[in-house]
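# Summary of the model geometry
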Amino acid sequence: MSIQILMPALSPTMTEGKLSKWLKKEGDKVKAGQVIAEIETDKATMEVEAVDEGVIGKILVAAGTDGVAVNTPIAILLEEGESTASSAPSSAPAPAAASTKAAAPQDSCSLRPPPAPASPAIVQQEKTYTGPTKTMTVREALRDAMAEEMRRDKEVFVMGEEVAEYQGAYKVTQGLLQEFGDKRVIDTPITEYGFAGLGVGAAFAGLKPVVEFMTWNFAMQALDHIVSSAAKTLYMAGGQLGCPIVFRGPNGPASRVAAQHSQCYASWYGHIPGLKVIAPWSGEDCKGLLKAAIRDPNPVVFLENEIMYGQSFEVPTDPDFVLPIGKAKVERTGTDVTITAFSRMVGVALQAAERLSEQGIQAEVINLRTIRPLDTETISNSVKKTNRLVSVEEGWPYAGIGAEIAAIMMESCFDDLDAPVVRVYGADVPMPYAANLEKLALPQVDDIVAAVKKVSYAA
Amino acid sequence: MAAPKSSNIATPEQMMQFYKDMLLIRRFEEKAGQLYGMGLIGGFCHLYIGQEAVVTGIQSALQPQDTIITAYRDHGHMLACGMEANGVMAELTGRIGGYSKGKGGSMHMFSREKHFYGGHGIVGGQVPLGAGLAFAHKYRNDNGITTAYYGDGAANQGQVYEAYNMAALWQLPIIFIIENNGYSMGTSQKRHAAGDFCKRGEGFGIPGEKVDGMDVLAVRAAALKAVEYVRGGRGPMILEVNTYRYRGHSMSDPARYRSKEEVEEMREQHDPIENIRQVILGLGKYQEDDFKAVDKTVKDIINTAAEFAQQSPEPDPSELWTNVLL
């Protein structure tokens, strides 16, 4: 049976091309893979190969013809012994492109986001914990979270620079090597790209790695594996291959370590579908959310804060205490203005709220806890009550978390806002070293107080 | 190393199976190129034609619990792992019947069942990921090993050496397989790589070997040795398998950086499929008719796959939102 040779698409963007040259003429025998013609695409001159063996029966498009559309029949290939006459063009298969178009029409609504999961109108905080607590530092709360999960699940292991024998560069992994041994608490070379990739591979195989970055600044070398490998594979695999991994370490400005070691990555990772991003503040946050992150079947970016490591909180000691990912916490109730903050800035916002209270302004302070998925419900419910919103973060303003919250509030609570959202953020410069400049670059209690007054139109 | 006698490496039945496995890849890729030309496959499409002996020889030496990972020239690896031609071809056409429901495409397919972990589109990314798979074998003590495939271009990536270091340090059961087809996209080896790939593990104490990747029996022989070494708990090994791709880097590459004579010489003189055919014929057990029967079987599989890949519907629009998170 004769076969139509069609004008091939030879690049992702090609719709038509020039048939520049025939290398075979009518009557020539060809083998599969043999070059029969040359065409010029939008990118280059390419060779057209015969896809089957046979004899060139008829050339339908002459050499030198411009603007030949993809899938136009350019020649007819006959089986040996077959004649041109016996091959009526109508018997040839129709260009296949037509059938693809018919296959499944694009739904014009396909860009619409999926319906939001059903949720109660009133925000449910997690059940109030009534079990035993203990005063401990954030550092100890994080350590206990890992230790409890490692006791619970033998597939959980910790790896990173100085996590084992040195006991953690910031002593967060203190005692883990002694309890769990060097098979499960693993010192790595200082090669973030490599060990992040190795961790992701282990997670593909079903293990549950907790990968510590000494700081998130160094994780930029591992960004490719966090984004390209960890976050995207589940989708690219049509749901087959999950990646139960936690990347954790101190994020944001520390103190006097200058530009390369002082940066908030909440907005960076918050941008990526396929990741969950957590930025805890208190000891309770750290313990309950790190345990949740380790149990979560998805890749989780866990942004700690070095300055918080030494601060003490009352922390639940029940090993079953776990906080929900994606839920914010109202740390202080108020009626006049809502302040959102995450990580260390929650404490600064609470100080500002105390100062404002003395001046007769009652601020509601929301600890975001999770950056992605963001608990927009808790924020909007608060804004519906206070009608004013100030967002606080240490990161830069451009495309930052405050920018995102302001946009969401405009979309969902526009009529509830009595004033434009005011953002408090880190100065839009690389972090300076000098003590006075560093202080100027970071949000202070005074900045938050001033922002609240601005959003309240108060003097 | 003296060439091993072919009869010590594989039985005639096994050789016939290698012929069939390689032919399946060849015909699959030819059909994929054809469907690309018809506009049924979009985007990037990297064909494995010419390199068939590499994955066929290596996979023949593995056990069921072993894991496999590679880059984006991956159709051959999937078929060699036993993944169905239908599912692979339907992924190329972006249909729901594809291994990733049409959401991954040519470069991103996976099969947990067949222990195939992708299918990765970032050059070199699969090498540390593969070290992680090997880490899991060791962690679980399941006697499995990992084969991580990458090209001569990827072999220059920094993360490859980070993976070498950790694999050697922790004695991970992994074979690093450099499929050296001589070109890093359009840049020839002599313009992109210093030294010998197989020696690049020496500083880490990783032994390496050069293998003729156009000879499936030579690949199998080297793989059998490497598998024994790695499964024995002695840490990783490197195989530099020298091969050749007949087509361009991807469908839109006219491959002007090498001469027609060079390609023609490889196709005519060193074709891995023709090579094994001659070896088998020389043994006298199989005749031309046996090959014809295999050719027919393979042709039927490929035609069925092409048909399936065109008949399977596109994913439902609701699939846009699924599989982002578990």
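Scoring rules and cut-offs
Residues numbered from 1 in each chain as written. Chains lettered and ligands numbered in written order. Predicted model: local features only at pLDDT ≥ 70, side-chain atom pairs only at ≥ 80, totals over all residues. Heavy atoms only, no water. Core = buried A, V, L, I, M, F, W, Y, C linked by side-chain atoms within 4.5 Å. Buried < 20%, exposed > 50% of the residue type's maximum accessible area, 1.4 Å probe, protein only. Helix = DSSP H or I, 4+ residues; strand = E, 2+ residues; numbered from the N terminus. Contact = heavy atoms within 4.5 Å. 1 Å grid on protein atoms, 1.4 Å probe; cavity = no way out; pocket = protein on both sides within 12 Å on 5 of 7 lines; lining within 4 Å. Points joined across faces, edges and corners; volume = space filled by probe spheres on them. Pairing = 2+ DSSP bridges. Axes fitted to C-alpha atoms, helices over the stretch in contact; angles between N-to-C directions. Phe/Tyr/Trp six-rings, centres within 6.5 Å; stacked < 30°, edge-to-face > 60°. Buried area = accessible area lost by both parts, 1.4 Å probe. Salt bridge = Lys/Arg side-chain N within 4 Å of Asp/Glu carboxyl O. Polar contact = N/O pair within 3.5 Å; in protein donor to acceptor, adjacent residues only side chain to side chain. Nonpolar A, V, L, I, M, F, W, Y, C, P; charged D, E, K, R; others polar.

## Quick notes on the nonpolar core
- Residues Ile36(A) and Leu239(B) are the most contacted members of the largest nonpolar core, which totals 97 residues.
- With 12 residues, helix 2 (residues 12-37) of chain B is the single largest residue contributor to this core.
- Residues in contact with Leu239(B), not counting those within four places in the same chain, are Ile58(B), Ile175(B), Phe176(B), Ile177(B), Ile178(B), Glu209(B), Val211(B), Ala222(B), Ala223(B) and Ala226(B).
- Grouped together as the second largest cluster of nonpolar side chains are 83 residues, Ile379(A), Leu389(A), Tyr117(B) and Ile238(B) included.

## Section: empty space enclosed by the protein
Residues and elements named next belong to chain A.
- On inspection of all chains with the given rule, the structure shows 4 cavities of 30 Å³ or more.
- In this model, the largest cavity occupies a volume close to 110 Å³.
- Around the largest cavity, the lining comprises 15 residues; the ones closest to its centre are Ser-262, Glu-394, Trp-396, Val-429 and Met-431.
- Empty space within the second largest cavity amounts to approximately 60 Å³.

## A look at unusual backbone geometry
- Residues Arg372(A) and Pro373(A) are joined by a peptide bond in cis, for which omega reads 0°.
- Along the chain, Gly118(B) connects to Gly119(B) via a cis peptide bond; the corresponding omega equals 20°.
- Checked against the element boundaries, Gly119(B) lands in strand 2 (residues 116-119).
- Even without being glycine, Tyr457(A) reaches a positive phi, approximately 50°.
- With respect to the secondary-structure elements, Tyr457(A) resides in the segment after helix 13 (445-455).
- For Tyr457(A), a relative accessible area of 57% corresponds to the exposed category.
- A positive phi is found at Gln171(B), a non-glycine position, where the angle reads about 55°.
- Counting through the fold element by element, Gln171(B) comes out in the loop between helix 7 (158-169) and strand 4 (174-180).

## Some remarks on the pairing of strand 5 (residues 45-49) of chain A
Residues and elements named next belong to chain A.
- Here strand 4 (residues 35-40) pairs with strand 5 via 5 bridges, running antiparallel. Among the inter-strand pairings, Glu-38 is bridged to a residue of strand 5, identified as Glu-47.
- From the end of strand 4 to the start of strand 5, which pair antiparallel, there are 4 residues.

## What to know about the sheet that holds strand 3 (residues 146-151) of chain B
Residues and elements named next belong to chain B.
- The strand order 2-1-3-4-8-7 describes an open sheet built from 6 strands, whose pairing is parallel. What marks the edges here is a single partner per strand, and that holds for strand 2 and strand 7 (208-212). Across the sheet, the axes of successive neighbouring strands diverge by a mean angle of 15°, strand direction being ignored.
- Packing of helix 3 (residues 52-59) onto the sheet brings it into contact with strand 1 (67-70), strand 3, strand 4 and strand 8 (237-242), and relative to strand 3 it is tilted by some 170°.

## Regarding the sheet that holds strand 15 (residues 300-304) of chain A
Residue and element names in this part refer to chain A.
- Taken together, 7 strands build an open sheet; the order of strands is 11-10-12-13-15-14-20 and the sheet is mixed. The open sheet is flanked by strand 11 (185-187) and strand 20 (370-372), the only strands paired with a single partner. In this sheet, adjacent strand axes meet at a mean angle of 20° when their direction is disregarded.
- The pairing of strand 13 (residues 246-250) with strand 15 spans 5 bridges and is parallel. The residue of strand 15 that forms the bridge with Val-246 is Val-300.

## Looking at the pairing of strand 13 of chain A
All names here are of chain A.
- In terms of burial, strand 13 is largely enclosed, as 5 of its 5 residues are buried.
- Bridge count for strand 12 (residues 208-212) against strand 13 is 3 bridges, and the pairing is parallel. Across the sheet, Glu-212 pairs through a bridge with Arg-248, a residue of strand 13.

## Focus: the packing of aromatic side chains
All names here are of chain B.
- Applying the stated criterion across every chain, the model contains 18 aromatic pairs over all chains.
- For the pair Tyr-19 and Phe-291, a centre-to-centre distance of 4.8 Å together with 85° between the ring planes defines the contact as edge-to-face. Placement of the pair is Tyr-19 in helix 2 and Phe-291 in helix 12 (residues 288-311), with a sequence separation of 272 residues.
- Classification of Phe-291 by relative accessible area gives buried; the value is 1%.
- An angle of 55° between the planes, with centres 4.8 Å apart, marks the rings of Tyr-164 and Phe-176 as tilted. With Tyr-164 in helix 7 and Phe-176 in strand 4, the pair connects residues that are 12 residues apart, well separated along the chain.

## A closer look at the interface of chain B and chain A
- Listed per partner, the contact involves 58 residues of chain B and 74 residues of chain A.
- Across the chain B/chain A interface, buried area totals approximately 5,500 Å², and carbon plus sulfur atoms make up 62% of it.
- Between the two partners, chain B and chain A, sit 3 salt bridges.
- A salt bridge links Glu49(A) to Arg247(B), with the shortest nitrogen-to-oxygen separation between them at 3.0 Å.
- At the boundary of chain B with chain A, the tally comes to 22 residue pairs in polar contact (both at pLDDT 80 or more).
- Sort the elements by how many residues they give to the side of chain B that touches chain A and helix 6 (residues 126-140) of chain B lands first, with 9 residues.
- Class assignment of the residues belonging to the side of chain B that touches chain A gives a composition of 26 nonpolar, 18 polar and 14 charged.

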